[in-house]
Amino acid sequence: MKGGWNLDKRLPVGFLAGLLIQTAGVIWWASKLSAVSAANSTEILRIQARQDRMEANITGTYERLARIEANQDNQLALMQEIRQSLVRR
């Protein structure tokens, strides 16, 4: 034989079984890692969408708060006018 590969009968069956088990373990680990990575990517997208909705709600809340403050200022000015008109009497 010229430099070709040869499976010798002296190679222990335990060694081959161990090698096959390790190979299967590495393949299983890599597929599990890929599944976890995909699940994490999906979760990140879900969290980003939730954060976007929350930021939109916060913006709306700030706008409503600004309107409430403006209404309160107007009511305060109106009350002061009423008070001054009562004091003048």
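What counts, and where the lines are drawn
Residues numbered from 1 in each chain as written. Predicted model: local features only at pLDDT ≥ 70, side-chain atom pairs only at ≥ 80, totals over all residues. Heavy atoms only, no water. Helix = DSSP H or I, 4+ residues; strand = E, 2+ residues; numbered from the N terminus. Buried < 20%, exposed > 50% of the residue type's maximum accessible area, 1.4 Å probe, protein only. Patch = residues over 30% accessible without salt bridge, like charges linked within 9 Å, V, L, I, M, F, W, Y side chains within 5 Å. Areas by Shrake-Rupley, 256 points an atom, 1.4 Å probe, with all protein chains shown as cover. Salt bridge = Lys/Arg side-chain N within 4 Å of Asp/Glu carboxyl O.

## Side note on the overall build of the protein
So, point 1. Secondary structure assignment for the protein yields 1 helix and 0 strands.
So, point 2. Taking all 89 residues of the protein together, the buried fraction comes to 1%.

## Notes on a nonpolar patch on the surface
So, point 1. Side chains of Leu-11, Phe-15, Leu-16 and Leu-19 sit close together on the surface and give an oily, nonpolar patch of about 340 Å² of accessible area.
So, point 2. Note on placement: Leu-16 falls in helix α1 (residues 13-88).
So, point 3. Here Leu-16 falls in the partly exposed class, since its relative accessible area comes to 34%.

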